[in-house]
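Analysis of the macromolecular model
Chain residues, written in single-letter form:
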Amino acid sequence: MTAMRFSPNTLIWFLNIFYFFFQFKNPNRYVAVPGAGFMAPEIPNPNSAGDWTIVSRRRRGRLKPHPPKNQLTAGHRSREDPPSPWIPLDPFVDQELQSRLLRRMESTIQRLEGSPFYRRFLHRLRGPLVQRGLARALSSASEMRMVVYGVGSIESSAPSRFQLALAVLLRRDLGPSVPSLEVFDPVLSATECAVLAALGGTVIPVDERGRREASEPTLFYMPHCEASLYDGLLEVNWRPSCLNRMVVLGNSFTAYDQYVELGRSAASAAVEMAARRLLQVRRYVTEVEMEEKGEAGVVLEQTKQDEEDGIFKAFHDTSWHFFELDDEANLDFLKQDFCG
């Protein structure tokens, strides 16, 4: 008997029939995300990892923390590649999971808001150092955009939930000057995107690979992202007018500098290469620790309490960064000085 053979197009046709039959048999469990174009399973997912390092969602769905704690992994896409359209790898909303995850996020927000850590964070936020830096970035503008990169999977990672909770609270506490909250991470599912929308956020529909130009005052909140993402952000804004409009709340630039200075390993060399613009511009950055800390003994007690609450893991070594450059400053000499 001659074996039956099917062309690739015929196989795709059978797979589509099976797919729609499955959806018909399960009409109440899944819905498409409105307006996102997620009802096209035969179209390949245009996601690209780029400079993102993606961790398995089962283990810990988030970007790896900063270099002193984790290795850097270079992305397979060039930083110069243009932004690409993006849809979640799992493009359908599980309504039951959405409800559970939203309740979980609301509980995390309440827990963070009531913590000693957040009281210290608010004290720092309302203090003169941060307020002066925010005012400088705003200049004569009345509003500042807030962009969140690398928050990770809020379904599978407790630190990611704390990091998103901080973004929600920070936007609220900054008031009308921050009217929107834009979020992107390549590991987000459609269900997580729906939860973000319910919390007042907007998911960025393209993978910018962290290369958002600060054409207007922008607060970039980048908790524990890769060094290459910070560097890509600096590269696309490598002129005083843009840098002065930026505020970065993320990994301590000072910690990167110290790591490179003290290390003589392959890992420190990799960090130095990945964060070269970050290291170049640091002399023009005012860095402020994200929380107000007391004496050494008090700090140890605070750290112990934060570890017990699970908060320390989400926010350790995180700082505010404010740029202060003359408008006519020439940044080309920084690259020459760094390379020489």
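From a predicted model like this one, the values you see are computed outputs, not experimental measurements. (Residues numbered from 1 in each chain as written. Predicted model: local features only at pLDDT ≥ 70, side-chain atom pairs only at ≥ 80, totals over all residues. Heavy atoms only, no water.)

Let us look at the overall build of the protein. On a plain count of helices and strands, the protein comes out with 15 helices and eleven strands. Put simply, the protein has 340 residues, and 48% of those count as buried. Of the contacts formed within the protein by residues at least 6 apart in sequence, a portion of 83% connects residues at least 24 apart. (Helix = DSSP H or I, 4+ residues; strand = E, 2+ residues; numbered from the N terminus. Buried < 20%, exposed > 50% of the residue type's maximum accessible area, 1.4 Å probe, protein only. Contact = heavy atoms within 4.5 Å.)

A few words on the sheet that holds strand β4 (residues 145-149). Strand order in the open sheet made by the seven strands is β6-β5-β4-β8-β9-β11-β10, with mixed pairing throughout. At either margin of the open sheet sits one strand with a lone partner, and together these are β6 (202-203) and β10 (285-289). In this structure, strand β5 (residues 182-184) lies alongside β6, joined through two bridges in parallel fashion. Residue pairing in the sheet places E182 in a bridge with T202 of β6. Docked against the sheet, helix α6 (residues 158-174) engages β4, β8 (218-222), β9 (246-251) and β11 (318-323), running at close to 160 degrees with respect to β8. (Pairing = 2+ DSSP bridges. Axes fitted to C-alpha atoms, helices over the stretch in contact; angles between N-to-C directions.)

Side chains that are nonpolar tend, in soluble globular proteins, to be buried together. Core analysis: the largest hydrophobic core is formed by 77 residues, its most contacted members being L112, F315, W320 and F323. Looking at which element gives the most residues to this core, the answer is α6, with nine residues. (Core = buried A, V, L, I, M, F, W, Y, C linked by side-chain atoms within 4.5 Å.)

Now for the pairing of β4. Taken across its five residues, β4 has four buried, putting it largely inside the fold. Pairing between β4 and β8: four bridges, direction parallel. Bridging from a neighbouring strand, R145 pairs with T218 of β8. Bridge count between β4 and β5: three bridges; the pairing is parallel. Bridging across to β5, Y149 finds its partner in F184. Following the backbone out of β4, through α6 and into the adjacent parallel β5, one traces a crossover that is right-handed. (Right-handed = clockwise from strand over helix to strand, strands pointing away.)

This brings us to the environment of D257. By the element assignment, D257 lies in helix α10 (residues 253-262). Along the sequence, D257 and S268 sit eleven residues apart, while their C-alpha atoms lie 9.9 Å from each other.

All chains considered together, the criterion is met by nine aromatic pairs. An angle of 80 degrees between the planes, with centres 6.3 Å apart, marks the rings of Y230 and F253 as edge-to-face. Placement of the pair is Y230 in helix α8 (residues 227-236) and F253 in helix α10, with a sequence separation of 23 residues. In terms of burial, Y230 and F253 fall into one category: buried. Ring centres of W320 and F322 lie 6.1 Å apart, and the angle between their planes is 5 degrees; this geometry places the pair in the stacked category. Here the two residues W320 and F322 agree in accessibility, since each one is buried. Among the aromatic residues, those joined into a ring-pair cluster are F117, Y118, F121, F315, W320 and F322. (Phe/Tyr/Trp six-rings, centres within 6.5 Å; stacked < 30°, edge-to-face > 60°.)

Bringing the packing of helix α3 (residues 95-113) against α6 into the picture now. One can describe the packing of α3 onto α6 by two numbers: an axis separation of 9 Å at closest approach and a directional angle of 70 degrees. Between α3 and α6, the angle falls in the class roughly perpendicular. Every pair of crossing elements has a handedness; the one defined by α3 and α6 is right-handed. Every residue of α6 that contacts α3 at R104, M105, T108, I109, R111, L112 and E113 is listed here: R161, F162, L164, A165, L166, V168, L169 and R172. (Parallel < 35°, antiparallel > 145°, perpendicular 65-115°, else oblique. Left-handed = near helix turned anticlockwise from the far one by under 90°.)

Moving on, we get to α10. Those residues of α10 that sit buried are F253, A255, Y256 and V260. Angular distribution of buried residues about the axis of α10 spans 160 degrees; they occupy a single face of the element. Pointing more than 90 degrees away from the buried face of α10 are the exposed residues E261 and L262. The opening residue of α10, the one whose side-chain oxygen lies 3.3 Å from the backbone nitrogen of T254, is S252. (Arc of directions from axis to C-beta. Polar contact = N/O pair within 3.5 Å; in protein donor to acceptor, adjacent residues only side chain to side chain.)

Purely geometric numbers; function is a separate question.
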